[in-house]
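Take a look at the letters that make up each chain.
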Amino acid sequence: MNELVIRQPDDLHIHLRDDDVLPLSVGHVSTQFRRAIVMPNLRPPVVSTAMAIEYRKRILAVTPTGRLFDPLMTLYLTDRTTPAEILMARESGIVHGVKYYPAGATTNSDLGVTDLEGRFKVLEAMMKHGVPLLLHGEVTDKDVDIFDREKVFLDSVLLRVVKEFPDLKIVLEHITTSDSVDFVDACSEKVAATITAHHLLLNRGDLFDGGIRPHHYCLPILKREEHRLALLRAAISGSPKYFLGTDSAPHERHTKEASCGCAGVYTAHAAMECYAEAFDSVGGIDKLEDFASTFGARFYELPLNTSYIKLVRKEQVIPPTYTYSGGAIVPFRAGQGLNWSIET
Ligand code: NCD
Ligand code: ZN
Ligand code: ZN
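Residues numbered from 1 in each chain as written. Chains lettered and ligands numbered in written order. Predicted model: local features only at pLDDT ≥ 70, side-chain atom pairs only at ≥ 80, totals over all residues. Heavy atoms only, no water.

Enquirer: Describe the site of ligand 1, naming the residues involved and giving the relevant values.
Expert: By nearness alone, 15 residues border ligand 1, and Arg17, Thr106, Leu219, Asp247 and His251 come closest of all. Between histidine 15 and ligand 1, the recorded distance is 3.0 Å, taken from a side-chain N or O atom to an oxygen atom. Contact between ligand 1 and histidine 136: an oxygen atom at 3.0 Å from a side-chain N or O atom of the residue. For ligand 1, the protein covers 100% of the area, taking 320 Å² as the surface of the free molecule. (Near = heavy atom within 4 Å. Polar contact = N/O pair within 3.5 Å; in protein donor to acceptor, adjacent residues only side chain to side chain. Areas by Shrake-Rupley, 256 points an atom, 1.4 Å probe, with all protein chains shown as cover.)

What follows is the structure, encoded as structure tokens:
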């Protein structure tokens, strides 16, 4: 297949950030996606519906004119989130999930939850009002090997949450292991997972390919090849539990090319082309539309998009950087080729 016309997709997990980089990230995501679930890990984080409404306005203000793009907002769960805030979020109609970051697990997560059990009243309210819980699924214990932190999270945290809140909708974000695939498969239809393009295309060897590769460093960290293959199998399985979430995360070049570099990979410039390459590599391109445009929308109870995009098997070369007033972003595959392109 050299051409593929699919319903316009949604990105169910993205970091757009704020301020000077916002026009760049919104420009990219809105070229491809009709809607996106926008992560709340700003500084300070988006902890209330009022903040989410303001942030949404800032996103819409920099959306290129004439482009249809719906930012679907999320709240950042903290030790102080109340059940009343959940009700407010639900009633706003613009908040579509609440994000749980274990404190210190990843970029801008220092105000995350230190004690999830202390938040059970909030989870109860979420279950009652039908607000999905979105999880960065890693433990933060430094004694747990970094490659095992996702697996340990499943056993020590998620199992308990799923048991206590059987009707709570849960998205295990950016899964990276066969353990997560097994876990999600074994749960009810309330539990789903997003898979990034970079975790479908890279394994942990790509972190050290001829030298250290800061632009491949993200959390959860890239895993062994056997895990990448398990993610690919899940993505093309046709199971509605797995859908597209890029986790595209802009970090200014010098914050990644540093003695202590930030975690995050930027894929918003060519997300669908990256997924197309990954799906195509295992003969699963015909499964891309459901993964990108159907399963996530259904999970979030959104109408399917009515516009279409066309992907063609045609090489494109990715620029070395995207510049903005605050510096530069080094995108995924910078200066290299991608096998697929979007035709407009
Ligand atoms: C994300 C970011 O930069 O905000 N980074 C990452 O490595 N994935 C945060 C996140 O999704 O964990
Ligand atoms: Zn995360
Ligand atoms: Zn993320």
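And the narrative resumes.
Enquirer: Describe the coordination of the zinc ion (ligand 3), naming the residues involved and giving the relevant values.
Expert: Summarising the metal site, the zinc ion (ligand 3) is bound by the protein donors His13 (NE2), His15 (NE2) and Asp247 (OD), whose distances to it range over 1.9 to 2.0 Å. Between the four donor atoms coordinating the zinc ion (ligand 3), the angles at the centre fall across 94 to 144°, so the site counts as irregular. In terms of primary sequence, the donors binding the zinc ion (ligand 3) are separated according to H-x1-H-x231-D. A separation of 3.8 Å is found between the zinc ion (ligand 3) and the zinc ion (ligand 2). Of this pair, histidine 15 sits in the loop between strand S2 (10-14) and helix H1 (22-32) while aspartate 247 sits in the loop between strand S9 (242-244) and helix H9 (253-256), placing them 232 residues apart in sequence. Take histidine 15: its relative accessible area is 7%, and that puts it in the buried class. Classification of aspartate 247 by relative accessible area gives buried; the value is 6%. (Donors = N, O, S within 2.8 Å, 3.2 Å for Na, K, Ca; no water. Tetrahedral: all angles 85-135°; square planar, octahedral: opposite > 155°, others 65-115°. Helix = DSSP H or I, 4+ residues; strand = E, 2+ residues; numbered from the N terminus. Buried < 20%, exposed > 50% of the residue type's maximum accessible area, 1.4 Å probe, protein only.)

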